[in-house]
Structure formats: C-alpha cells, structure tokens
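A closer look at the structure
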Amino acid sequence: MNQLQIIWQGLPSLLAGTLVTLNLTFYFLILGFLLGIVLALGQVYGPFPLKIFFIVPFERFFRAVPELVLLFLFFFGSSFFRINISAFMAAVLAMGLRSAAYQSQIFRGAIQSIGEDQMRAARSLGMSTLQSIRYVILPQALRLSIPSWANEYAVVLKDSSLAYAIGVTELLRQGRYIVARTFGNALLVYSACALIYFVLVFAGNQLLKFLEKKYKIPGFEIQERRDQSVLERI
Amino acid sequence: MPKTVLKVENLHKSYGNLEVLKGISFQVRQGETTVIIGSSGTGKSTLLTCINQITPPDKGRIWLEDIEITDPKTDLNMVRSSIGMVFQHFNLFTHLNALDNVRLGLTVVKKISPERATEIGIEKLKLVGLEDKLHSYPAELSGGQQQRVSIARALAMSPKLILFDEPTSALDPELIGEVLNVMIELAKSGMTMIVVSHEMGFARAVANDIIFMENGVIVEEGTPEAMFNYCKNPRTREFLHKITELYGGKKE
C-alpha cells in the first residue's frame, strides 16, 4: 500500500515527464517527416550529384551510428564548435535527423511503388513536376506509408527515453528521480513508466490505423485477412 | 483545305545504341484521324510520347499549329495541356474518383474554379456514357469504363489534338466495343486524333489516313481505301492482311 502511495504522489512528476516525452517525440517526428519527404523526393527525382554527395551519405550516416552515440555527438560535441545548445535541442536534432533518414526510406519505397505511369499521366495533362508530386504522387505515397510510419512512431517514441542519458528530464528520468528520492520500489516505478510508454504507443498506433482506414483508396487497401491460401485448400 | 494541327519533321530518337525513330515526317490536319499501325517495337508509342515531349526526341522539329514544340523556349506544360493523351493502361489517378480524375487537370493546370470544373467534368463523363459512375474509384470500374474516364479526362482540357496509345489492347474483347464507339463518335464530332491501334474496323470507319511504320521509318501512308486496296509495298500488304485476319475489319 505504501508503495502504491509513492506512485500516486509521484504521478504529477511522471505526467510532467510524459509531457516532455511527447514533446520530444513530436519534434523528432515533425523534423523527420518534413526532412524525410524532401530527402525521399530528392532521392527519386533529384539530380545525380545531389543524391551521391548529399542524400545517400546523410541517410547512411544517420542509419549506421547508434542513437546514443548521436546524442553524445550533438550534445557534448557541440561545445567543440563553441555552440551552446540545450540537452532538449541536442536530442531533437540528433534523433530528428536520425528519424529523417529512416522516414526518407519509408517514403522513397512508397513513391517508387507508385510507378512511372501516374507521373506520365500527370505530366501529359500539363502539370509541372512539382504539381504532379503534390497532387498525384504524394497523396498516394503517403497513404501507402502509414503502416510503416506507425512503426517509426513507436520506435521514435520509445527511443526518446535515450535522451535520459544527456540529462533531458523526460519520463524515464522522472521515474529515476522518484526511485532515488523515496528509496522506492524500482520495479514498481519503472513498471509505471513502462505502462505509460505502452499506452502512448498503443493509442498512437490505433489512431494511425484509424487514419489508414479513413483514407484508404478503394481497391488499394492493405488486406486485413486473406482468403484461404492455396496451400490450405489442398 | 483545313489547317494543319500537327506537323512532324525528320524526327529521330535513340535509346543508347538502339535507334527507335529514324526520321519520321508527317502532318495531321484539323478534324482528321490518323491511325498508326506496325508491329511491336517499331517505335509507334515512342513517336506519340515524342510528340508531347514526355520522351524528348534527339533530332527533328514538331509544330502544334504555329507553336514549335521542339523550340527550347516553348512552355512545354502549356503545350501538353492542349494535347490530350490516352494510355494503353489507362493511367487513371488511383486515389481519385472518376469525377476528380477529370477535374484535376482543370483546377491545377487551367486554374478553373472548382464549381466550373465539376460542371465540365460531369459534361465530359456524360459524353462517354459514365454519368452514373461519377464517384466510383478506378479500381471499382471495368477496364472499358476506366478507359472512357481517361478519354473524358483528356477531353476536359479541350485539347487541339488527342493521342491514343493502343487504347484497346489491354481490354477484354467484350469491352473493346464501348471504347471504340466513344472514339468513333469523337472522330465524327471533328476531334483531331492520332491513334496507334490495330483495330482495322475502327480505321476503316473513321481514319482519314493510315500510316504503316516499320523499324523506325514510315513505310507507307495513305487513305484506308488506298492502303487496303492498292498499297504498293509488299510488306504493307502482308501486315495489313495479317491484322485484318486477327482484328477483323474486312469489308462485308
């Protein structure tokens, strides 16, 4: 009973931490989304030198380096250039750019799956390349991206807990403080943190599933359940 | 004599070492229908996409009325908006319903108000007999219906010329008729059309001109009457004989 009281008393700080976690996740995803789309479009339609000298190295770097290393690079490494940025800002940059690299691959796959025929049809109506992308390619590609994007959302939200390591007082750090302050039960407090993460990921994925259904294109929805497979019928 | 809508002069196009078009020249006059025939791989589709510069040609000049399309200073988007194109695989925008497919070019390219675009869209879809399918998505339509939507999409832009790239070859035999009927009506109403097709019944019914292409050159060109009855080249005769056997269109 005493232990539960600790959780109850710590709830305001846990919720404050949750707010920071959500804030971080929001900025990671927004930065990743906007930059990811630009990178994906550049990779599909851009000139060759841009791809080979900028987009591909960027994407490879941010996908190859561990997130914790990125966080340390941006936070502790920035002082080398005499740039003073907050831990929050360093986290947003490191993880946002990392997410951009991953999201660019989600969008690139979706854009390439649309096929050249749609572009030809749009161009033959007299649309510019940008208009074709805006009105024909992206509306289809973004719909196709939702399932993979839901995965990226879950990954990014959970990885925001790594910002703990550079001192951002997000959910996990608030949990750590409660354990330290009250000599409380670590299992119980961290379980509460785990539960909050779980709820956030679960709710977000439900919302994305709803969007996927709402914006599905008749005839192109991703099938939930297939009919009996050929093997089963034999 | 009606004025010339399209003039193609000495058009060349290569993909790597493969020379697809080896100097094509022809003209299409207003209100006329030109049918291009020839075995696959002879550059018929490349010729069509070179006309609206979706595939830029290597050499040669093309005029749409008095605008030179091949002039680097020409605004290609403006030119393309006045040349309709109907594809073998329809290429309808899969995320838009029939009406929105027809409206998109009007609102985005021609900057026509949404209300007016809807009126035009409904009018054109009526013309191709699809007024009851305005809100159906491409995947919910049959191949023939999809192709008619794509004809309506081309028509809505009030083009000076429509290019048809094998419009019926991806269709079930039962659905070919409904598309051809729309095209015949269109030709009769005075639309200028260039049609790559082996539907000889269609060619006999409305073509003013048949062009036979082989290996990137025009082998022979003439009215259907002349081509079917008095063609000079033995290759043309052989090809015409084969496709009339396959696709019909013999005189009863």
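In this text, all values refer to a predicted model and were calculated from it rather than measured experimentally.

1. Structural notes on helix H1 (residues 44–51) of chain B
All names here are of chain B. The buried fraction of H1 amounts to 7 of the 8 residues, a majority that puts the element mostly inside the structure. The complete set of buried residues in H1 reads Lys44, Thr46, Leu47, Leu48, Thr49, Cys50 and Ile51. Phi turns positive one or two residues past the end of H1, at Gln53, with a value near 65°.

2. Remarks on the packing of aromatic side chains
Given two aromatic rings, one states the distance between the centres and the angle between the planes to describe the pair. Scanning the model with the defined rule gives 13 aromatic pairs over all chains in all. With a centroid separation of 6.4 Å and 90° between ring planes, the pair formed by Phe33(A) and Trp149(A) is classed as edge-to-face. Residue Phe33(A) is found in helix H1 (residues 2–45), and its partner Trp149(A) is found in helix H6 (residues 129–159); the two are separated by 116 residues along the sequence. For Trp149(A), a relative accessible area of 18% translates into the label buried. Geometrically, the ring pair formed by Phe61(A) and Phe62(A) is edge-to-face, given 5.1 Å between the ring centres and 90° between the ring planes. Of the residues examined, Phe62(A) reaches a relative accessible area of 7% and is grouped as buried. Positioned above the aromatic ring of Tyr102(A) is the side chain of Arg63(A), whose terminal nitrogen or guanidinium carbon lies 5.8 Å from the ring centre. A cation over an aromatic ring shows up here: Lys7(B) above the ring of Trp63(B), its NZ or CZ 5.1 Å from the ring centre.

3. Examining the interface of chain A and chain B
Facing 21 residues of chain A, the contacting portion of chain B comprises 26 residues. Between chain A and chain B, roughly 2,000 Å² of surface is buried when both sides are summed, and carbon and sulfur atoms account for 65% of that area. Of all residues in chain A, Arg120(A), Ser124(A) and Leu125(A) bury the most surface against chain B, accounting for 30% of the area lost on that side. Counting every contact that joins chain A to chain B gives 0 salt bridges. Counting the contacts that link chain A with chain B gives 5 residue pairs in polar contact (both at pLDDT 80 or more). Elements represented by at least two residues in the side of chain A that touches chain B include exactly helix H5 (116–124) and H6 of chain A. With 7 residues, H5(A) is the single largest residue contributor to the side of chain A that touches chain B. For the side of chain A that touches chain B, a count of residues per class yields 10 nonpolar, 7 polar and 4 charged.

4. Details of the environment of Leu171(B)
Residue and element names in this part refer to chain B. Residue position: Leu171 is located in the loop between strand E7 (161–165) and helix H6 (173–188). Under the relative-accessibility criterion, Leu171 is labelled buried at 9%. Each C-alpha atom of the pair Leu171 and Gln88 lies 8.9 Å from the other, and the pair is 83 residues apart in sequence. Once residues lying within four places of it in the same chain are set aside, the contact partners of Leu171 are Phe90, Gly143, Gly144, Ile176 and Val179.

Conventions and cut-offs
Residues numbered from 1 in each chain as written. Chains lettered and ligands numbered in written order. Predicted model: local features only at pLDDT ≥ 70, side-chain atom pairs only at ≥ 80, totals over all residues. Heavy atoms only, no water. Buried < 20%, exposed > 50% of the residue type's maximum accessible area, 1.4 Å probe, protein only. Helix = DSSP H or I, 4+ residues; strand = E, 2+ residues; numbered from the N terminus. Phe/Tyr/Trp six-rings, centres within 6.5 Å; stacked < 30°, edge-to-face > 60°. Lys NZ or Arg CZ within 6 Å of the ring centre and 35° of its normal. Contact = heavy atoms within 4.5 Å. Buried area = accessible area lost by both parts, 1.4 Å probe. Salt bridge = Lys/Arg side-chain N within 4 Å of Asp/Glu carboxyl O. Polar contact = N/O pair within 3.5 Å; in protein donor to acceptor, adjacent residues only side chain to side chain. Nonpolar A, V, L, I, M, F, W, Y, C, P; charged D, E, K, R; others polar.

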